[in-house]
Amino acid sequence: MFPVHRGRRLRQNESIRRLVRESHLLVDDLILPLFVTHGRGGKSEIASMPGQYRHTIKTLLKETAEAASLGIPAVILFGIPKIKDEGGSTAIDPEGIVQTAISAIKDQSPNLLVITDVCIDEYTSHGHCGLVQDGKILNDETLAVLAKMALSHVEAGADMVAPSDMMDGRVGAIRKVLDENGHTQTPILSYAVKYASCFYTPFREAAGSAPSLGDRKSYQMDFANSREAIREVAQDIEEGADIVMVKPALPYLDILADIKKRFDVPIAAYQVSGEYSMIMAAAQNGWLDGRNAMLESLIALKRAGADMILTYFAKEAAKQLS
Ligand code: PBG
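Keep in mind it's a predicted model, so treat the numbers as computed, not measured.

Draft legend 1. Region of interest: the packing of aromatic side chains. Applying the stated criterion across every chain yields a total of nine aromatic pairs. Between Tyr195 and Tyr252, the ring centres sit 4.4 Å apart and the planes meet at 15°, which makes this aromatic pair stacked. Here Tyr195 is found in the loop between β9 (189–194) and α6 (201–207), whereas its partner Tyr252 is found in the loop between β10 (243–247) and α8 (253–262), with 57 residues between them in sequence. No difference in accessibility class separates Tyr195 from Tyr252, as the two residues are buried. These aromatic residues form a ring-pair network of at least three members: Phe35, Phe78, Tyr191, Phe203, Tyr270, Tyr276, Tyr312 and Phe313.

Draft legend 2. Inspection of the site of the ligand at higher detail. Around the ligand, a shell composed of 19 residues is seen, among which Lys194, Arg204, Lys247, Ser273 and Tyr312 lie nearest. Between Glu122 and the ligand, the recorded distance is 2.7 Å, taken from a side-chain N or O atom to a nitrogen atom. In this structure, a nitrogen atom belonging to the ligand sits 3.4 Å away from a side-chain N or O atom of Ser164. Considered on its own, the ligand offers 410 Å² of accessible surface; in the complex 100% of this is hidden by protein. Elements that contribute at least two residues to the shell around the ligand include exactly β9 and α6. Grouping the constituent residues of the shell around the ligand by class yields nine nonpolar, three polar and seven charged.

Draft legend 3. Geometry of unusual backbone geometry. In this chain, Phe2 is followed by Pro3 through a cis amide linkage whose omega measures 10°. With respect to the helices and strands, Pro3 occurs in the segment before α1 (14–20). In this structure, the amide linkage connecting Lys247 to the following residue, Pro248, adopts the cis form with an omega of -10°. Position of Pro248 among the secondary structure elements: in the loop between β10 and α8. Backbone geometry places Asp134, a non-glycine residue, at a positive phi of 50°. Overall, Asp134 belongs to the exposed group, its relative accessible area being 76%. Even without a glycine there, the phi angle at Met166 is positive, about 65°. With respect to the helices, strands and loops of the structure, Met166 is situated in the loop between β8 (160–163) and α5 (170–180).

Draft legend 4. Molecular detail of the nonpolar core. Core analysis: the largest hydrophobic core is formed by 100 residues, its most contacted members being Phe35, Leu77, Val193 and Ile259. Per-element accounting of this core gives the leading share, seven residues, to helix α4 (residues 140–155). When sequence neighbours within four positions are dropped, the list of residues in contact with Phe35 reads Ile46, Met49, Tyr53, Arg54, His55, Leu60, Phe78, Ile80, Phe203, Ala206 and Tyr312.

Draft legend 5. Quick peek at a nonpolar patch on the surface. On the surface, Leu10, Leu19 and Val20 cluster together into a nonpolar patch covering about 320 Å² of accessible area. Structurally, Leu19 is set in helix α1.

Draft legend 6. Region of interest: α5. Buried residues of α5: Arg170, Val171, Ile174, Arg175 and Leu178, and no others. Considered in projection along α5, the buried side chains sweep an arc of 130° and stay on one side of the axis. Turned more than 90 degrees away from the buried face of α5 sit Lys176 and Glu180, all of them exposed. Where α5 is buried, its residues meet β5 (113–118), α4, β8, β9 and α7 (227–239). Looking one or two residues past α5, Gly182 carries a phi angle of roughly 85°, positive in sign.

Calculation criteria
- Residues numbered from 1 in each chain as written.
- Predicted model: local features only at pLDDT ≥ 70, side-chain atom pairs only at ≥ 80, totals over all residues.
- Heavy atoms only, no water.
- Phe/Tyr/Trp six-rings, centres within 6.5 Å; stacked < 30°, edge-to-face > 60°.
- Helix = DSSP H or I, 4+ residues; strand = E, 2+ residues; numbered from the N terminus.
- Buried < 20%, exposed > 50% of the residue type's maximum accessible area, 1.4 Å probe, protein only.
- Near = heavy atom within 4 Å.
- Polar contact = N/O pair within 3.5 Å; in protein donor to acceptor, adjacent residues only side chain to side chain.
- Areas by Shrake-Rupley, 256 points an atom, 1.4 Å probe, with all protein chains shown as cover.
- Nonpolar A, V, L, I, M, F, W, Y, C, P; charged D, E, K, R; others polar.
- Core = buried A, V, L, I, M, F, W, Y, C linked by side-chain atoms within 4.5 Å.
- Contact = heavy atoms within 4.5 Å.
- Patch = residues over 30% accessible without salt bridge, like charges linked within 9 Å, V, L, I, M, F, W, Y side chains within 5 Å.
- Salt bridge = Lys/Arg side-chain N within 4 Å of Asp/Glu carboxyl O.
- Arc of directions from axis to C-beta.

Quick look at the structure:
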């Protein structure tokens, strides 16, 4: 009780604050998401994500070399194919955009981990994460496509696969196919808790993947629910997920903290496109200090329990930390 206890004693200078600081952001925590598309020319900026680009292989390699030299351990790749069709067939093409990008990056920076997003929404003409029949998203039929997609990424050299589609049973289906083909050591980072969020809007502009009919609410989670997140994580771990993700990040700190308490696998948080865009927009207007908003939001994710963070700020944060 005051005056015996004075919280301000341990806040009075930066050296004391450093000693008692509970959470730290490290470059080791960061995963950089990157978009890659066909073409020989330069990169094109994503209007709603200032400072983020659709890369060609050529500019992608500059980006990954820089990420590696900053000490960032991993990137996650999203492909934007030339051709989109009903079945998302270019997603499993061994010469597809992501497959080509993986081997180019691994040739150049063998120690940089290449994680791939496994989901067909960027490859389907309708923009859904599953196959569609009579306006319904098919679950079990989609699993075979996802498993083939994951296998094709691993065969191209991917170090880890990250299914983001929210079909039931996909972690098990992918684990089975990888194991049958001798890839028993390839980890699965599951987007276990993925909410049907409006914060993905800038990503969908970047990838041209907004659904042309309906929405994603029949497979992504209702953002009013938290107990459902526990069941999703438990099931994915049972099916063989090595790391589980919560997405989006900042609006879901309660979920992140709860999952950290209940499970003993590493947890990833995805600071998604809309979270990035909000900070960038406010910073460009002079309403917020962008650097401080970035660091505060990333530390908040560490405090809530994230072991690693997927963030479009990865390069900026790495520079600030060095
Ligand atoms: C699906 C996928 C999406 C994101 C990551 N993987 C889009 C979606 O579900 O609509 C969004 C990431 C972001 O907003 O930064 N392939």
